[in-house]
Amino acid sequence: QVQVVESGGGLVQPGGSLRLSCVASGFTSDYYVIGWIRQAPGKEREGVACISKRDSSTYYADSVKGRFTISGHNANNTVYLQMNSLKVEDTAVYYCAVRKPLGGSWDSIPEYVYWGQGTQVTVSS
């Protein structure tokens, strides 16, 4: 059975940093793209970043580019999201999710078929 587990969320002041971790296991080898998706209260889910295990290519939402870095997806099936210069609008539940190789929009939510339970990130002064 596929298991996706996130950790590392918490409360941080604006301008601070957090690193989220995701451990994904149990999926077949054709599912090698892992992404971070977030959902703020009252808003739709949006893609934050994703990474391909095959070639380490990465994609980012414009709102986080230059501040967030996705890495990992190595033999340990662990992916990280380093979040720097956090803003209050980054407050959301962050989900780690798994999908098959990209065939369209990287942040198309329905393409992610395996999801973790989410970890809360709150940015507040």
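Peer 1: Quick rundown of the overall build of the protein chain? Include the residues and the values.
Peer 2: Scanning the protein chain from terminus to terminus reveals zero helices and 11 strands. Sequence-ordered secondary structure for the protein chain, helices as α and strands as β, is β-β-β-β-β-β-β-β-β-β-β. Its C-alpha atoms put the protein chain at 45 × 25 × 25 Å along the principal axes. Per-residue burial over the protein chain gives 42% buried out of 125 residues. Within the protein chain, residue pairs in contact and separated by at least 24 positions form 58% of the contacts whose partners lie at least 6 positions apart. Carbon together with sulfur atoms contributes 45% to the accessible area of the protein chain, which is approximately 6,400 Å² in total. Distance from the positive charge centre (11 side chains) to the negative charge centre (10 side chains) of the protein chain: 4 Å.

Peer 1: Can you explain the sheet that holds strand β1 (residues 3-7)? Please cite residues and give values.
Peer 2: Pairing in this open sheet of four strands is antiparallel, and the strands run β1-β3-β8-β7 from one edge to the other. In this open sheet, the two strands that pair with only one neighbour each are β1 and β7 (68-72). Between one strand axis and the next, the sheet turns through 15° on average, direction left out of account. Alignment of β7 against strand β8 (residues 78-83), held across five bridges, turns out to be antiparallel. Residue pairing in the sheet places S71 in a bridge with Y80 of β8.

Peer 1: Pulling in residues and values, what's your account of the state of the cysteines?
Peer 2: For the structure on display, the rule yields one disulfide. Looking at C50, it has no disulfide partner, and the nearest cysteine sulfur is the one in C96, 11 Å off.

Definitions and limits used
Residues numbered from 1 in each chain as written. Predicted model: local features only at pLDDT ≥ 70, side-chain atom pairs only at ≥ 80, totals over all residues. Heavy atoms only, no water. Helix = DSSP H or I, 4+ residues; strand = E, 2+ residues; numbered from the N terminus. Buried < 20%, exposed > 50% of the residue type's maximum accessible area, 1.4 Å probe, protein only. Contact = heavy atoms within 4.5 Å. Areas by Shrake-Rupley, 256 points an atom, 1.4 Å probe, with all protein chains shown as cover. Lys, Arg positive; Asp, Glu negative; His and termini not counted. Charge placed at Lys NZ, Arg CZ, Asp CG, Glu CD. Pairing = 2+ DSSP bridges. Axes fitted to C-alpha atoms, helices over the stretch in contact; angles between N-to-C directions. Disulfide = S-S within 2.5 Å.

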